[in-house]
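Structural description and commentary
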Amino acid sequence: MSETRLAGVIPWRRFLWPPLLIATVLLVVPHASFLWMSLHRNLGMGLVSATLTLDNYRRVLTDSFYLGSLWLTFRLSLIATAIALAAAFPTAYVLARTRSRWVSLLIALLLVASFMTVVIKALGLSLVLGQEGILNHFLQAIGIIAQPLLLLNNDTGVVIGLVQYTLPLLVMLLFSVMQTIPPSLEEAAELLGATRLATLRRVVLPLAMPSLIAGGLISFNLDMGAFTSAVLLGGGKVLTLPVLIQRKIFLDVDYPIAACLATVLVAIVFAFNLLSVLLLRQRRKTAAEGVPK
Amino acid sequence: MASVVLERVCKFYGRQTAVENVSVAISEGEFVVLLGPSGCGKTTTLRMIAGLVEASSGTIRIGGADITRLPARNRNIGMVFQDYALFPHLDVAGNVGFGLRERGGDRVTIGRRVNQLLSLVRLAAFERRYPSELSGGQQQRVALARALACSPAVLLMDEPLGALDLKLREAMQVELQRLQRELCITTIFVTHDQNEAMALADRIAVMNEGHIEQIGTPEEIYRRPSSEFVATFVGKINFLDGTVQEMSEARCIVALGGGSFVSAACSTDCRPGNPVRLGIRPENFVLSPARNGGAPGPCGIIEQRRYFGNIVHYLVRGAGGQLLLVEQAAGSSVLDVGAQVAIGWREEDAVVFPGVRA
C-alpha cells in the first residue's frame, strides 16, 4: 500500500529543475554567448565573421591601450577597496560596540542608501566634489588650499565614486561580523595588559580577518565591474574596462572586441579571487601546523 | 597577593543606582564570595575592582594603593569571565601566554611558564588545542590558567562555574579551592548559587539591591543572618510571627498564633507589645508526638511527607494556620501524614527579626 502511495509522490529533486532552468538562462547563456562572440572577427556595422579566431585575444593582450585599461581598472579597484575597507572597519566596529537605539536607525539608513541607484549618488558626489563644489569652497574658505582640487573627471573622482559605491555594503557586512565578537574578549585582553592598539591587533583584527578578506573581495569584484560610478565621476575620460566595453559596443559597434574584453575581465576577476582563496587556505594550513605565527 | 579594600564605592547609571556604598576589606589570600540574586550589583562591583567599569564614587585599594582611576591593564588583576572569553583564534598555549607576550617575555620563558600553568590546572597535553576543541570544564581551566599567568595580585571570577553541569561544577569547586589555597591568592568570586558560596568562601558578602546586606563566614551567614533577606536567600527558613509578651534582660516571651508561647533571645527593639518574627531553619525543628495538655508550645499536623533516605521533609500545618517546612534525620522512626505533633526548637536556633506591625 505504501508502495502505491510512494509512486504518486514527485521526487524532491524535480523541484530543483525550474531554478536550474532560470539559473541557466540568466547566468550561463549570456556568458557563453559573449564568450562565443569573442571568438569571431569584426566585419564592421555590427556584423561578425563566420569563422572562429583568437585574433581579438591577441590584440587585447598585446595592445598597450587595452593592457593600460586593464591595469587602470585593476589599480583603481585595488585602491578603492583598500580605502573602503580602511573606512568601513572602524565604522563597523564603533557601530557594533555602541549600545544605543540610534545604531539600528543608522544601519537602516545605510541599507536604504545602498539600495539607491548609483546614478543619484554619483550625481550627489559630483555636486560635492566639483571645482565650484562644497568641498572645494570649504577648503578654500579655511585656507588649506589656494586652487580648487580637481576631484572630478579623473582617476581620483573614479576612486571616490567606487569607495562610495561599496562602502555601505562593507560597513553592513563588517558590522554583522563585529557583533559576533564578544566584548568580553577585549576586556580579557585589556586585563592581561594589552593596550587598545594591541587588543585591536591581536584580538579584533584576527577575528575580523575572514570577513575583511571576504568583504575586500566582494568590494574588489564590484569595483572591477563598476560602470556607472566610473563613467559619471570619470567624466568618460577614465577608460576602465567596463567603460571601454560600453564604448566598443555603442560607439564602435565592435561586438567581438567588447565580448573579448568582457571575457578577459571576468577571467582576471575570477583568477584573482581563486588566488586569494588559495593563498588563504595555505596560510591557514601553515598556522594550524604550528609554524611560527 | 594583596589585600583589597573597597570604601563607600558607588556606581550610578544615569539615575539608576547599580551599587551603593559598598565597603569591604578583604585580607591577603582570602577567598571572598559576592552572593546575591541577579541585578544585585555583585558583577558591577567585581567589574569596578577589575577596572572594566568606572566607579562613580568611593575608593578601591589593592595592596594599600589607590587604584580607583587606574586603567584595567595596569591593575595586575586576573579575571575569569562567565563565558570564559577565550580567544578563539589562539590555541591553549596562545591563550595562556597572551598576557606574558604582552608583557614582553622571551619565547622560552613564556613556554616554560605556560607549561607550568597548564600542569597546575591539569591540562598538560592540551597546548595545541583550540578552545572550540575543548569541553566546558577544560575551557574553564584554560581561562583560569590564563588569568593566573601573569601572577596577578588578585583573582576575580564572575560566575565561572555557571555553565557547567552539577557534577563538573562540584569537581571544579574542589579544584578551585585546592588551587586557591596552594597559590594563596586573594580571590573574589561572584555567584548567585548559595551552595557554591558556602562551599568555597572564607567569607561571604550577601548583596541585595546594590548594597551589602551582610558579610561573614558561611556559618555566621547561615546561623546568624542579619536580615530576613539574607535568611531567605541563603538556605531555607521558616518564619513565625508573634508579639513580645514580657521580657527580662536578654530574653523575652513571645506569643505566637494559636495561643502558644515561646521564649526567645531579645533583639534590639524588643518591647512588650512589639511584633517580632522568629526565623527557624527546617533542620532545627524537633518534632515529637503531641501530648494533650502539655507545655504551651506550638503544635501542628503533618500534611505532607517527602522521604529522601538520609533525611525526611515534613510540611506541618501549625496551629496558627501557617505551613512549616521541617527537616529531620530519617533515622528509624518516621512520622505519618495526619499525625499531631509538638514543634520545638532550641532557643539559640531561633533568629529574632523585627516583626511587621499589623
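The rules behind these values
Residues numbered from 1 in each chain as written. Chains lettered and ligands numbered in written order. Predicted model: local features only at pLDDT ≥ 70, side-chain atom pairs only at ≥ 80, totals over all residues. Heavy atoms only, no water. Helix = DSSP H or I, 4+ residues; strand = E, 2+ residues; numbered from the N terminus. Rg over C-alpha atoms; globule rule 2.2 N^0.38 Å. Contact = heavy atoms within 4.5 Å. Areas by Shrake-Rupley, 256 points an atom, 1.4 Å probe, with all protein chains shown as cover. Buried < 20%, exposed > 50% of the residue type's maximum accessible area, 1.4 Å probe, protein only. Axes fitted to C-alpha atoms, helices over the stretch in contact; angles between N-to-C directions. Parallel < 35°, antiparallel > 145°, perpendicular 65-115°, else oblique. Left-handed = near helix turned anticlockwise from the far one by under 90°. Pairing = 2+ DSSP bridges. Expected span 1.5 Å × (residues − 1). Core = buried A, V, L, I, M, F, W, Y, C linked by side-chain atoms within 4.5 Å.

Along chain A, the regular secondary structure elements total 13 helices and two strands. Relative to its length of 293 residues, chain A is extended, with a C-alpha radius of gyration of 24 Å against a globular reference of 19 Å. Along the first, second and third principal axes, the C-alpha atoms of chain A reach 85 × 70 × 45 Å. The contacts in chain A between residues at least 6 apart in sequence include a share of 68% that link residues at least 24 apart. As displayed, chain A offers around 17,300 Å² of accessible surface, 72% of which is attributable to carbon and sulfur atoms.

Right, let's get into helix H9 (residues 183-191) of chain A. Of all nine residues making up H9(A), seven are buried, and the element is well covered by its neighbours. Gly193(A), located one to two residues past H9(A), shows a positive phi value of around 100 degrees.

So, about the packing of helix H8 (residues 155-178) of chain A against helix H10 (residues 196-224) of chain A. All names here are of chain A. Where H8 contacts H10, the two axes come as close as 10 Å, and the packing angle between them is 150 degrees. By the angle between their axes, H8 is roughly antiparallel relative to H10. For the pair H8 and H10, the sense of crossing is right-handed. Across the interface between the two elements, Leu-162, Tyr-165, Thr-166, Leu-169, Leu-170, Leu-173, Leu-174, Val-177 and Met-178 from H8 touch Val-204, Ala-208, Ser-211, Leu-212, Gly-215, Gly-216, Ile-218, Ser-219, Leu-222 and Asp-223 from H10.

Residues and elements named next belong to chain B. As summarised here, the arrangement of the four strands in space is E2-E1-E4-E5, forming an open sheet in which the pairing is antiparallel. Two strands close off the open sheet at either side, each with one partner strand: strand E2 (16-26) and strand E5 (65-66). Note that strand E1 (residues 4-13) and E2 share seven bridges and pair antiparallel. If you follow Phe-12 over to E2, its bridge partner there is Thr-17. Against the sheet, helix H1 (residues 42-50) engages E1, E2 and strand E4 (57-62), with an angle of about 115 degrees to E1.

Strand pairing in a sheet relies on backbone hydrogen bonds. The paired strands run either parallel or antiparallel. Residue and element names in this part refer to chain B. The strand order across the open sheet formed by five strands is E13-E12-E11-E14-E20, and the pairing between neighbours is antiparallel. A strand with exactly one partner marks an edge of an open sheet, and here the two such strands are strand E13 (260-265) and strand E20 (351-354). With strand direction ignored, the average angle separating the axes of adjacent strands in the sheet is 45 degrees.

With that out of the way, let us pick up the environment of Leu183(B). All names here are of chain B. Along the chain, the position of Leu-183 falls in helix H6 (residues 166-183). Judged by its relative accessible area of 31%, Leu-183 is partly exposed. Sequence separation between Leu-183 and Leu-148 is 35 residues, and the spatial gap between their C-alpha atoms is 9.6 Å.

Residue and element names in this part refer to chain B. Counted at 1.5 Å a residue, the expected span for H6 with its 18 residues is 26 Å, and the 25 Å between its end C-alpha atoms agrees. The complete set of buried residues in H6 reads Arg-169, Met-172, Gln-173, Glu-175, Leu-176, Leu-179 and Gln-180. Those residues of H6 that are buried lie in contact with strand E3 (31-35), helix H4 (107-120), helix H5 (136-148), strand E7 (154-158), strand E8 (186-191) and helix H7 (194-200). Taken from the residues just after H6, Cys-184 is the one with a positive phi, measuring 50 degrees.

Of all hydrophobic cores here, the largest spans 77 residues; its most connected members are Met178(A), Phe87(B), Leu156(B) and Ile188(B). The biggest single contributor to this core is helix H4 (residues 64-97) of chain A, with eleven residues. Setting aside chain neighbours within four positions, we find Phe87(B) in contact with Leu185(A), Ala188(A), Ala189(A), Leu192(A), Val203(A), Asn95(B), Phe98(B), Pro131(B) and Arg146(B).

What follows is about unusual backbone geometry. Residue and element names in this part refer to chain B. Although it is not a glycine, Tyr-84 adopts a positive phi angle of roughly 70 degrees. Mapped onto the fold, Tyr-84 is located in the loop between strand E6 (77-80) and helix H2 (92-96). Residues other than glycine seldom take positive phi values, yet Cys-184 does so here, at roughly 50 degrees. Relative to the assigned elements, Cys-184 resides in the loop between H6 and E8.

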